[in-house]
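So you can see what is in the structure, the chains are spelled out below.
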Amino acid sequence: MLRSTFLGTGFAVPDRVVTNDELSKLMDTSDEWIHTRTGIRERRWVREGETGADLAFRATERALKMAGMAAADLDAIVYATSTPDHFAPGNGVYLQRMLGAATIPAIDIRTQCSGFVYALSVADAWIRSGQYRRILVVGAEVQSTAMDLTTRGRNTSVIFADGAGAAVVGPAGREDQGILAFDLHADGQHAEKLWVDSPGSMYHPRVSPEQLEAGRHFLQMDGKEVFRHAVARMPESIRAVLKSAGYEVADMSLLIAHQANLRIAEMMQRDLALRDDQVYNNIMRYGNTTAATIPIALDECLRAGRIASGDLVVLTAFGSGFLWGSAVVRW
Ligand code: COA
């Protein structure tokens, strides 16, 4: 059976580092509060003029280099973001233009924190069906421009951040290698628990001074509810995806989970009884970069030699929607 696998990965974050102490000067918060509740020490935010597509382009250059390929070798782009540079068109076409790629298809996936896993499932289906061979899968976000930098917005503005990760995916070279299974879910009952209300096409005009005044263009979150569902859904999905590929949690070499909050990751590790060497966390340095956390962590793991040929790696995510899901990959 034809399977798809990772041929190259890369990531890029803005060079502007924002520490917890810096945020403490803008709102009523502290390094101690942020670190204790989320694990985050610092994050990266774009400077004015730097876009999500810019970050995605830099991440893609690294992924292509690792794959030993050029943009001209790509057959399609699947770009996951909940924070496109514009309402329309999506960011896939901006990245295609920057890469100077041919007129290959470029689609945006809007599944927020689960964006990379969903985007990967689209690329995997295209490759297995034989429609396209080499697909660029991107998870990239600019969250900092939707942060309320006052005490009113402190429950989200200390968590979310900017970054991009990219992967070139293509047919696996060995029969036992590649993406083995996906487990994908959505539950729209919780749509307003982590969302950006405005601008929206249901409003005339799409954004009003009153909405701006009320802060409805900022990311809003019911943190306790998100936490409660995240710690249940991700372990459930990890067990399900492993089972559908014929494995158990104990067989997993490495878990790369969406970097939502270090406390969520720690609860999940305890629930699944995983050793420290079976998990990877980098939220301390980058915060929650939504669709970008998994490809950033994956690239760091690969370049640090944390993943070897034959390893069983699980990617898992949970977030706004609620949407969640996992992928299991034999390296
Ligand atoms: N600094 C200081 N105090 C803060 C704060 C901050 N950055 N953010 C919130 N608080 C305050 C609240 O105002 C509240 O004060 P009050 O008791 O006087 O009303 C108090 O801390 C507790 O707030 P609460 O929202 O109940 O905190 P919590 O213990 O649930 O922790 C989160 C807040 C956001 C850290 C936590 O809910 C969480 O991690 N949720 C999951 C978030 C997540 O992972 N999101 C991404 C999913 S993809």
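Residues numbered from 1 in each chain as written. Predicted model: local features only at pLDDT ≥ 70, side-chain atom pairs only at ≥ 80, totals over all residues. Heavy atoms only, no water.

Some points on the domain arrangement of the protein chain
What counts here: Note that the domain bounds reflect an automated or database-derived domain assignment. We call two residues in contact whenever any of their non-hydrogen atoms come within 4.5 Å of each other. Here the quantity called buried area is the total loss of accessible area, with a 1.4 Å probe, experienced by two parts when brought into contact, counted for both. What makes a salt bridge here is a side-chain nitrogen of Lys or Arg within 4 Å of a carboxyl oxygen of Asp or Glu, nothing more. Whenever a nitrogen or oxygen atom comes within 3.5 Å of another N or O atom, the pair is scored as a polar contact, on the condition that within protein one atom can donate a hydrogen and the other can accept it, and that pairs from neighbouring residues in sequence are kept only if both atoms are in side chains. For helices the rule is a DSSP run of H or I covering at least 4 residues; for strands it is a run of E covering at least 2, with both sets numbered from the N terminus onward.
Along its sequence, the protein chain is organised into domain 1 (4-171) and domain 2 (178-330). Placing the centre of domain 1 and that of domain 2 at their C-alpha centroids yields a distance of 14 Å. With 51 residues of domain 1 at the contact, the number on the domain 2 side is 51 residues. For the pairing of domain 1 and domain 2, the buried interface totals around 4,100 Å² over both sides, and the portion due to carbon and sulfur atoms is 66%. A per-residue breakdown of the area domain 1 buries against domain 2 is headed by Phe11, Cys113 and Val117, which together make up 16% of the total. Across the contact surface, domain 1 and domain 2 share zero salt bridges. Taken together, domain 1 and domain 2 are joined by 20 residue pairs in polar contact (both at pLDDT 80 or more). Those elements that place two or more of their residues in the side of domain 1 that touches domain 2 are strand S1 (4-12), helix H2 (31-38), strand S3 (42-44), helix H3 (52-67), helix H5 (115-129), strand S6 (135-141), helix H6 (154-157) and strand S7 (163-171). No other element matches H5, which puts seven residues into the side of domain 1 that touches domain 2.

Details of the sheet that holds S7
Here is the rule: Paired strands, in this sense, are two strands between which DSSP finds at least two bridges. Under this scheme, a helix contributes an axis fitted over its contacting stretch, all axes are lines through C-alpha atoms, and angles between N-to-C directions fall in the 0 to 180 degree range.
Ordered in space as S1-S7-S6-S4-S5, the five strands form an open sheet in which the pairing is mixed. Every other strand in the sheet has two partners, leaving S1 and strand S5 (106-109) as the edge strands with one partner each. Across the sheet, the mean angle from the axis of one strand to that of its neighbour is 20 degrees, orientation sign disregarded. Note: S1 against S7, eight bridges, orientation antiparallel. Opposite serine 4, over in S7, you have proline 171 as the bridge partner. Sitting on the sheet, H3 touches S1, strand S4 (76-80), S6 and S7, and the angle it makes with S1 is about 130 degrees. Across the sheet, helix H11 (residues 293-303) lies against S1, S6 and S7, angled at about 100 degrees from S1, the strand it touches most.

Quick word on the sheet that holds strand S8 (residues 178-186)
Remark on secondary structure: sheet strands pair via backbone hydrogen bonds, oriented parallel or antiparallel. Here four strands make up an open sheet; going across it, the order is S8-S13-S12-S11 and the pairing mixed. Looking along the sheet, the strands with just one partner apiece sit at the ends: S8 and strand S11 (254-257). Averaged over all adjacent pairs, the angle separating strand axes in this sheet is 15 degrees, with direction ignored. Pairing analysis gives eight bridges linking strand S12 (residues 312-319) to strand S13 (residues 323-330), with the strands arranged antiparallel. Residue leucine 315 lies in a different strand from S13, and its bridge partner there is alanine 327. Against the sheet, H5 touches S8, S12 and S13, its axis set at about 125 degrees to S8. Across the face of the sheet, helix H8 (residues 223-244) comes into contact with S8, S11, S12 and S13 while running at roughly 150 degrees to S12.

A few points about the site of the ligand
Applicable threshold: One heavy atom within 4 Å of a molecule or strand is enough for the residue carrying it to be called near that molecule or strand. Residue burial considers only the protein chains on display, and all accessible areas are found by Shrake-Rupley using a 1.4 Å probe.
Around the ligand lies a shell of 22 residues, among which Thr29, Arg37, Arg154, Lys224 and Asn261 are the nearest. With respect to the ligand, the side chain of tryptophan 33 contributes an N or O atom lying 3.4 Å from a nitrogen atom. Separating a nitrogen atom of the ligand from a backbone N or O atom of glycine 223 is a distance of 2.9 Å. Burial of the ligand by the protein chains amounts to 72% of its free accessible area of 940 Å². Listed by contribution, the elements that provide at least two residues to the shell around the ligand are H2, H6, H8 and S12. At four residues, the largest contribution of residues to the shell around the ligand is made by H8.

Here's the deal with the nonpolar core
We count it as follows: Put simply, a nonpolar core is a bunch of buried Ala, Val, Leu, Ile, Met, Phe, Trp, Tyr and Cys residues held in one set by side-chain atoms that sit within 4.5 Å of each other. Buried residues are those whose accessible area, probed at 1.4 Å on protein chains only, stays under 20% of the maximum for their type, while exposed residues exceed 50% and partly exposed ones sit between those limits.
Ile238, Leu242, Met252, Leu255 and Val314 are the most contacted members of the largest nonpolar core, which has 40 residues in total. Counting residues per element, the ones that place at least two in this core are H8, S11, helix H9 (262-272), S12 and S13. Here the element with the most residues in this core is H8; it accounts for seven residues. No fewer than three residues from each of domain 1 (4-171) and domain 2 (178-330) sit in this core. Setting aside residues up to four positions removed in sequence, leucine 255 forms contacts with Ile238, Met268, Leu272, Leu274, Gln278, Val279, Tyr280, Val314 and Thr316.

Brief notes about H3
Short version of the rule: Each residue after the first adds 1.5 Å to the expected span of a helix. The directions from the helix axis to the C-beta atoms are what the arc is built from.
Along its 16 residues, H3 runs 22 Å from first to last C-alpha, staying within 8% of the 22 Å computed at 1.5 Å per residue. Of all the positions in H3, only Gly52, Ala53, Leu55, Ala56, Ala59, Thr60, Ala63, Leu64 and Ala67 are classed as buried. Projected down its long axis, H3 carries its buried residues within an arc of 165 degrees, all on one side. Buried residues in H3 make contact with S1, S4, helix H4 (91-99), S6 and S7. With a side-chain oxygen positioned 3.4 Å from the backbone nitrogen of alanine 53, the residue opening H3 is threonine 51. Once H3 finishes, glycine 68 follows within two positions and takes phi at roughly 70 degrees, a positive value.

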